[in-house]
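Structural overview for review
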Amino acid sequence: MEPATDMTDWLVERLGRSRGLTILTGSGVSHESGVPTFRGKDAFWEKHRVEELATWQAFEAHPELVWRWYDYRRRGVAEAQPNGAHFAIARLEPAFDAFVLITQNVDGLHRRAGSTDPLELHGNIWRARCTREHTTTDLLDCPLRELPPRCEKCGALLRPDVVWFGEPLPPDEYERAYEAARNCDAMLVVGTSAMVRPAASLPLVAKHNGAMVVEINVSFTPISALIDATLLGRAGDILPELADRVLALGATGAARAPSRVHVR
Ligand code: NAD
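A short tour of the structure in this document, coming up.

1. Structural notes on the sheet that holds strand E4 (residues 98-103)
Across the sheet, which stays open at both edges, the six strands sit in the order E5-E4-E1-E9-E10-E11 with parallel pairing between neighbours. Both edges of this open sheet fall to strand E5 (119-120) and strand E11 (229-232), since each of them pairs with a single strand only. Of the strands in this sheet, strand E1 (20-25), strand E9 (186-190), strand E10 (212-217) and E11 touch helix H1 (residues 9-17), which is tilted by about 115° from E10.

2. Quick word on the site of the ligand
What surrounds the ligand is a group of 27 residues, the closest being Arg-39, Gln-104, His-122, Ser-193 and Asn-217. Contact between the ligand and Ser-219: an oxygen atom at 3.4 Å from a side-chain N or O atom of the residue. Here the ligand has 850 Å² of accessible area as a free molecule, and 92% of this is covered by the chains. More than half of the atoms belonging to the ligand lie within 2 Å of the grid points that define the largest pocket. Its residues placed into classes, the shell around the ligand shows seven nonpolar, 15 polar and five charged.

3. Observations concerning H1
Listed as buried for H1 are Leu-11, Val-12, Leu-15 and Gly-16. The buried side chains of H1 occupy one side of the element, clustering within an arc of 130° when seen end-on. Opposite the packed face of H1, turned more than 90 degrees from it, sit the exposed residues Asp-9 and Arg-17. Those residues of H1 that are buried lie in contact with E1, E9, E10, E11 and helix H9 (235-248).

4. Remarks on empty space enclosed by the protein
Counted by the stated rule, this structure contains one cavity of 30 Å³ or more. Roughly 30 Å³ of internal volume is contained in the largest cavity. What lines the largest cavity is Thr-103, Asn-105, Asp-107, Gly-108, Leu-109, His-110, Arg-111, Pro-118 and Glu-120. In terms of residue count, helix H6 (residues 109-113) provides more of the lining of the largest cavity than any other element does, three residues in total. Class assignment of the residues belonging to the lining of the largest cavity gives a composition of two nonpolar, four polar and three charged.

Cut-offs used in this document
- Residues numbered from 1 in each chain as written.
- Predicted model: local features only at pLDDT ≥ 70, side-chain atom pairs only at ≥ 80, totals over all residues.
- Heavy atoms only, no water.
- Pairing = 2+ DSSP bridges.
- Helix = DSSP H or I, 4+ residues; strand = E, 2+ residues; numbered from the N terminus.
- Contact = heavy atoms within 4.5 Å.
- Axes fitted to C-alpha atoms, helices over the stretch in contact; angles between N-to-C directions.
- Near = heavy atom within 4 Å.
- Polar contact = N/O pair within 3.5 Å; in protein donor to acceptor, adjacent residues only side chain to side chain.
- Areas by Shrake-Rupley, 256 points an atom, 1.4 Å probe, with all protein chains shown as cover.
- 1 Å grid on protein atoms, 1.4 Å probe; cavity = no way out; pocket = protein on both sides within 12 Å on 5 of 7 lines; lining within 4 Å.
- Sits in = over half its atoms within 2 Å of the grid points.
- Nonpolar A, V, L, I, M, F, W, Y, C, P; charged D, E, K, R; others polar.
- Buried < 20%, exposed > 50% of the residue type's maximum accessible area, 1.4 Å probe, protein only.
- Arc of directions from axis to C-beta.
- Points joined across faces, edges and corners; volume = space filled by probe spheres on them.

Structure follows, in structure tokens:
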């Protein structure tokens, strides 16, 4: 069967009957809030490719440059507001027996929209980590007072507490995300190019284990042909309507049976 591209009654009903819903988001979900994605026309900052700044090698060679870029991004995020897609995801959360939100985003907009416990696979732009002691600390000054910032305790350089290209994901978060993908009945994949691994493999884990997997994106991605449906359009337009229709069904199977998703 060809993957669907419409928000059909079948799709809405299957979502509404699901006990365990897992949602995976990428930078596209924050695009309508004015936060740039890494690919496409936003791919450059002051003539540097952003994907080349988000690496340990770039930080080691030019810590001040990398922190200047993060300071710029943090200022953009501070001015941004969650959009309709973030709010729709927060509205869906209490309607499901087992709900897990996995995000690759570092901007913290899901929490600001009311999501209670997003699994932040790639860290958070408002935290920093000491390069000597590896302790993490909230770093909320915006703009930053000192560039590059240093650890208050030992004076070593701080780095953003985010996962850079080429670095492993935090094992605990990834294990929880993997379990949520493996055990859900339905997964929504929102605004991710599905090119950054291993997060990009989570929808395929869900599909392989029998879940309905639906993608919401402005364009097709490498996983589109492998999943049940791609709803083409802006997340801020599609998700509020999808949430309204699913919630109108009185989601979910929550009361009827134990969940397949185990959330720690
Ligand atoms: P990506 O930049 O690779 O892809 C963005 C995807 O979003 C694309 O497929 C694009 O078609 C889609 N998109 C753009 N606007 C959309 C909209 N309005 N509605 C629906 N879809 C839309 O992003 P990625 O897959 O998340 O991977 C890039 C990495 O960059 C991640 O590791 C992430 O941590 C990091 N990142 C995070 C932020 C953030 O926190 N907001 C911003 C930029 C990059």
